[in-house]
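So you can see what is in the structure, the chains are spelled out below.
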Amino acid sequence: MHYNECFGCGDDVEGGLHIQSAVAEGMVVVSQFEVTDAHQGAPGLAHGGLLACAFDEALGSTVGNLLRRPAVTGRLETDFRRPVPVGSTLHIVARLDGVAGRKIYVSADGRLDAEDGPIAVQARALFVTVGFEHFTSHGHTDAMQKFRQARTREREDWDINP
Ligand SMILES: CCCCCCCC/C=C\CCCCCCCC(=O)SCCNC(=O)CCNC(=O)[C@H](O)C(C)(C)COP(=O)(O)OP(=O)(O)OC[C@H]1O[C@@H](n2cnc3c(N)ncnc32)[C@H](O)[C@@H]1OP(=O)(O)O
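Keep in mind the model is a prediction, meaning the values are calculated, not measured.

*Asks:* Please give an account of the overall build of the protein chain that cites residues and values.
*Replies:* In terms of helices and strands, the protein chain carries 3 helices and 6 strands. The N-to-C order of helical and strand elements in the protein chain reads β-β-α-β-β-β-β-α-α. Taking 162 residues into account, the globule formula puts the C-alpha radius of gyration at 15 Å, and the protein chain, at 16 Å, falls close to it. Taking the principal axes of its C-alpha atoms as reference, the protein chain extends roughly 45 × 35 × 25 Å. In the protein chain, the proportion of contacts linking residues at least 24 apart, taken out of those at least 6 apart, comes to 63%.

Below, the structure written as structure tokens:
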């Protein structure tokens, strides 16, 4: 499940991160992020802000896939444990840590080049459940319309009144 115009996961977004996420055994969500030249900060190494973006995506996708309710990032923390070279793939495993009212706690580990590779980045986030009016009142109505039409086509089942 994704929004095709999302910088993190949209298939057609030029220069986007093109992250793919899927629910896996044990109620975790696994995502892969391939680091290219376009993602550099220091020479040959991924930019930390982009890595944070990749984790925002992986964690947001975890909320979307496991809870199927609209939510936005309230807080995102990242620990950069090892440099992430251009040409590497981050294997991100994310989990739901808890829900308290509208607050949703998630965390993730990103391993270098293999599912059991060394941990390079870790992140924790608080997502906050919002109503769909969050997107219509703060965003663009036509973007929301496109999103709804895509969801209807794919018969996605969203809790629209959380
Ligand atoms: C259209 C369909 C929708 C689904 C779309 C899915 C499509 C694809 C699916 C899946 C892939 C998804 C991948 C996306 C990944 C990227 C996600 C992003 O980057 S989102 C953009 C960046 N984030 C923002 O723009 C938020 C801006 N902030 C706000 O709008 C508000 O501040 C908001 C909604 C977060 C909270 O505002 P309030 O007025 O509604 O609620 P208050 O009362 O302030 O907070 C509620 C509770 O949360 C705590 N809280 C809020 N922010 C906190 C913070 N920063 N730190 C700690 N606690 C916080 C508060 O203390 C409160 O807790 P107490 O209930 O009192 O216990």
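*Asks:* Just give me the short version of helix 1 (residues 48-67), but keep the residues and values in it.
*Replies:* Taking 1.5 Å of rise per residue, 20 residues should cover 28 Å, and helix 1 covers 28 Å from first to last C-alpha, within 8% of that figure. Among all positions in helix 1, only Leu51, Cys53, Ala54, Phe55, Glu57, Ala58, Leu59, Gly60, Ser61, Thr62, Val63 and Gly64 are buried. In this structure, the buried residues of helix 1 make contact with strand 1 (20-24), strand 2 (28-34), strand 3 (71-80), strand 4 (89-100), strand 5 (103-112) and strand 6 (119-129).

Each value, and the rule that gives it
- Residues numbered from 1 in each chain as written.
- Predicted model: local features only at pLDDT ≥ 70, side-chain atom pairs only at ≥ 80, totals over all residues.
- Helix = DSSP H or I, 4+ residues; strand = E, 2+ residues; numbered from the N terminus.
- Rg over C-alpha atoms; globule rule 2.2 N^0.38 Å.
- Contact = placed C-beta atoms within 7 Å.
- Expected span 1.5 Å × (residues − 1).
- Buried ≥ 20, exposed ≤ 12 C-beta atoms within 10 Å, placed from the backbone.

Function-wise, these values are silent; they only describe arrangement.
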